[in-house]
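The primary structure of each chain is shown beneath.
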Amino acid sequence: MQVRERFAIGTPKLGQASHDLLAGVDAAEAVVISTCNRTEFYLAAEDADAALDRLGSRLAAQVPENADLPSHFYHLQKGEAARHLCRVVSGLDSMVLGETEIFGQVKQAYQAALGAGATSGVLNRLFQRAFGVGKKVRTETAIQEGSTSIGNVAVDLAEKIFGHLKDSEVMVLGAGEMSRLTAQALVSRGARSIFVANRSYDRAVELATEMNGKAVKFDEWQSVLEKVDVVISSTGAPHAIIHRADVEKARRARKFRPLFFIDIAVPRDIEPTVGEIEEVYLYDIDTLEQLAEEARVRRQKQIEECERIIDAELKKLSLPGT
Amino acid sequence: MDRWFLIAATLLAAVGGALGMLSVHHGSRSKWTVLWMAGAFLCQLGFLVLRGEARGACPLRDLGEILTYLAWSLTLFYLLVGPPYRISLLGVFTAPLIVVFQACALIPGILTAHPTRVLVSNAWGETHSATSVLAYGALALAAVAGVMFLVLDKQLKAHHLKSGLFRNLPPVHELRISLQRLLWLGGALLSVGIVAGFLMPHKQGTEGHFIAAVSVWLGYALLIGIMQVRGMTGRRLSLSAVGLFIGSLVVFAFV
């Protein structure tokens, strides 16, 4: 992490960094990609080995002398570099396999370099083709299907129940880290409002403020149940705090609208019999984790197919330098 | 010629439904279903135009024509509701019902081979038949949406979320909204049909049809009333929509 931090380049500076590299390493073209998990330099030069040496020296100057450089850096050339770029944009080289964000990040980095005049024939062709391959991989395989984190699984389920979340209201019971992350995931996908109830009211206010929501006294959560669509519970109580009778009481006032309970507490906060109520969908942490794990396994199984597509496409495209 | 239009419509719906089911089974969207169904709709229209010209009136004179008109209105509402609300899967669920209705119409003896010209027709009578069968189309589609809801609800409750069908089904909320709107639309059209039925001249021996029609209307009015005033769980609403539609087909026994 410390090494990655040293080389991280903010998005607004990517274009300039690519441009600076041209003169710095005597390359004809350059693109710099910097994300939380990588900093990569793509170069096209008349004398590739010399450019690579100059880049190595530049980078080495930025790390302490006692740092174990070779373990942090690697370099690829020609076909291998093209293949690597295709793997990166396809999400095969990401921490979360198949994640979609990397595609946009690489595109942004390339656009910045293009805008700064740091690219020309070779890298333009390479990147444009790599984006095409990335799209093909994502369309023709299930590499980005399913959610691989508990928060995202919960959000996907909420969308399967309520469609767009812009009309959905969420109640968070217990202001712990897990419930905060799950609630944040719901808010990021458009959930309309958040109510936070916690035994410590101050902590509820803190989390509510952070999420632009409203704090509720812990003993008043039952009255809020009448209006919300999603309940995230993670209180750390040693016994169930939401009982079937509590939900039964609110049904009439809710006009029997669907209600989604996400129980991420251990021991569970919600009595399992709550899930027997017709309009209630109850998911506990084990089920959510199992769904996330299944998605991860499904994605792993897709790697071979993705690699096959990349190899076939690279052969077909006869990219420069390959 | 009219019969060929009906056969073509049945085949198009069958192929569209089968291909849709196949793509859903493989986990992808059934994006071509709407085109197959549009083709089926045009063939149904061709059949109804030819029969209408032969009759010189609304082609609702025998059970075969009624079943085809019902299939046509079901297809019409699917085309109106499915694509705009991105419920492409609705077509996959609707196609089998259309095939069943039209296959029944094609059974020898159900469709009059040589339709006779209607000499005396009554505007209220025509309105009654046309709007009632149109209402059945909307209510049939409500039942289809109900079946889709029940499938999705069962999968969500049992945490069975891996199937291609689950991935392609629209959200619970959207199915519920579509179901409610179709019930309102069907109920409104049925009300027009019932009023027109009261105003049309009555023949002897139509008491059974009258009682069945009023019972169906009361059933739907009660369902819509409870849904609107008290509220209902999606599962009960869906079961009621499916049950009422199946029960309401009794009306055709008295045609």
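Everything below is about the structure printed above this text.
Residues numbered from 1 in each chain as written. Chains lettered and ligands numbered in written order. Predicted model: local features only at pLDDT ≥ 70, side-chain atom pairs only at ≥ 80, totals over all residues. Heavy atoms only, no water.

A.B. asks: What is the right way to look at the overall build of chain B in this model?
C.D. replies: The helix and strand tally for chain B stands at nine helices and zero strands. Radius of gyration (C-alpha) of chain B: 18 Å, near the 18 Å computed for a compact globule of 255 residues. Projected onto the principal axes, the alpha-carbon positions of chain B cover approximately 60 × 45 × 30 Å. Within chain B, the proportion of its 255 residues that are buried is 50%. Residue pairs in contact within chain B that sit at least 24 positions apart in sequence constitute 80% of those at least 6 positions apart. One way to put it: in chain B the 18 positive side-chain charges average out to a point 15 Å from where the 8 negative ones average out. (Helix = DSSP H or I, 4+ residues; strand = E, 2+ residues; numbered from the N terminus. Rg over C-alpha atoms; globule rule 2.2 N^0.38 Å. Buried < 20%, exposed > 50% of the residue type's maximum accessible area, 1.4 Å probe, protein only. Contact = heavy atoms within 4.5 Å. Lys, Arg positive; Asp, Glu negative; His and termini not counted. Charge placed at Lys NZ, Arg CZ, Asp CG, Glu CD.)

A.B. asks: Looking at this structure, I do not really get the pairing of strand S2 (residues 38-44) of chain A. What am I missing?
C.D. replies: Along any regular strand, the residues point their side chains to alternate faces of the sheet. Burial along S2(A) is one-sided: the residues Arg38(A), Glu40(A), Tyr42(A) and Ala44(A) are buried and none of Thr39(A), Phe41(A) and Leu43(A) is. Taking the residues that link successive antiparallel strands as the turn, the strand S1 (residues 29-35) of chain A-S2(A) hairpin has two residues. (Pairing = 2+ DSSP bridges.)

A.B. asks: Please explain a nonpolar patch on the surface as it appears in this structure.
C.D. replies: Residues and elements named next belong to chain B. Among the surface-exposed residues, Trp-124, Val-195, Phe-198, Leu-199, Phe-210 and Ile-211 lie close enough to one another that they form a single nonpolar patch of about 610 Å² accessible area. Contributions of two or more residues to the nonpolar patch are made by helix H7 (172-199) and helix H8 (207-229). A per-element tally of the nonpolar patch places H7 first, with three residues. Within the secondary structure, Ile-211 is located in helix H8. (Patch = residues over 30% accessible without salt bridge, like charges linked within 9 Å, V, L, I, M, F, W, Y side chains within 5 Å. Areas by Shrake-Rupley, 256 points an atom, 1.4 Å probe, with all protein chains shown as cover. Salt bridge = Lys/Arg side-chain N within 4 Å of Asp/Glu carboxyl O.)

A.B. asks: Just to check I follow, could you spell out helix H9 (residues 201-210) of chain A for this structure?
C.D. replies: Each turn of an α-helix holds 3.6 residues, which means side chains three or four residues apart point in the same direction. Residue and element names in this part refer to chain A. Buried within H9 we find Ala-204, Leu-207 and Ala-208. Summarising the axial view, the buried residues of H9 lie within an arc of 100 degrees, below the 170-degree limit, and thus occupy one face. Away from the buried face of H9 by more than 90 degrees, exposed residues Asp-202 and Thr-209 are located. Of the surrounding elements, those touching the buried residues of H9 are strand S3 (169-173), helix H8 (177-188), strand S4 (193-198) and strand S5 (214-217). Just past H9, the residue Asn-212 takes up positive phi, approximately 60 degrees. (Arc of directions from axis to C-beta.)

A.B. asks: Mind showing me how you'd approach helix H12 (residues 285-317) of chain A here?
C.D. replies: Residue and element names in this part refer to chain A. Taking 1.5 Å per residue as the helical rise, H12 with its 33 residues ought to reach 48 Å, and the 46 Å between its terminal C-alpha atoms agrees with that figure. Along H12, the largest kink reaches about 35 degrees and is centred on Ile-303. Of the residues that open H12, the one with a side-chain oxygen 3.2 Å from the backbone nitrogen of Asp-286 is Asp-284. (Expected span 1.5 Å × (residues − 1). Bend = angle between axes of the 7 residues up to and from the residue. Polar contact = N/O pair within 3.5 Å; in protein donor to acceptor, adjacent residues only side chain to side chain.)

A.B. asks: Please explain the interface of chain A and chain B as it appears in this structure.
C.D. replies: In many analyses, interface size is given as the accessible surface area lost on bringing the parts together. Opposite the 25 residues of chain A that make contact, chain B presents 25 residues. For the pair chain A and chain B, the summed buried area comes to about 2,100 Å², and 52% of that belongs to carbon and sulfur atoms. When the area that chain A buries against chain B is broken down by residue, the three leading residues are Lys160(A), Glu278(A) and Tyr281(A), summing to 35%. Put simply, chain A and chain B have three salt bridges between them. Lys162(B) serves as the salt-bridge partner of Glu294(A), at 3.9 Å between the closest nitrogen and oxygen. Listed by contribution, the elements that provide at least two residues to the side of chain A that touches chain B are helix H7 (150-162), strand S8 (280-284) and H12 of chain A. (Buried area = accessible area lost by both parts, 1.4 Å probe.)

Worth remembering: the numbers are spatial, not functional.
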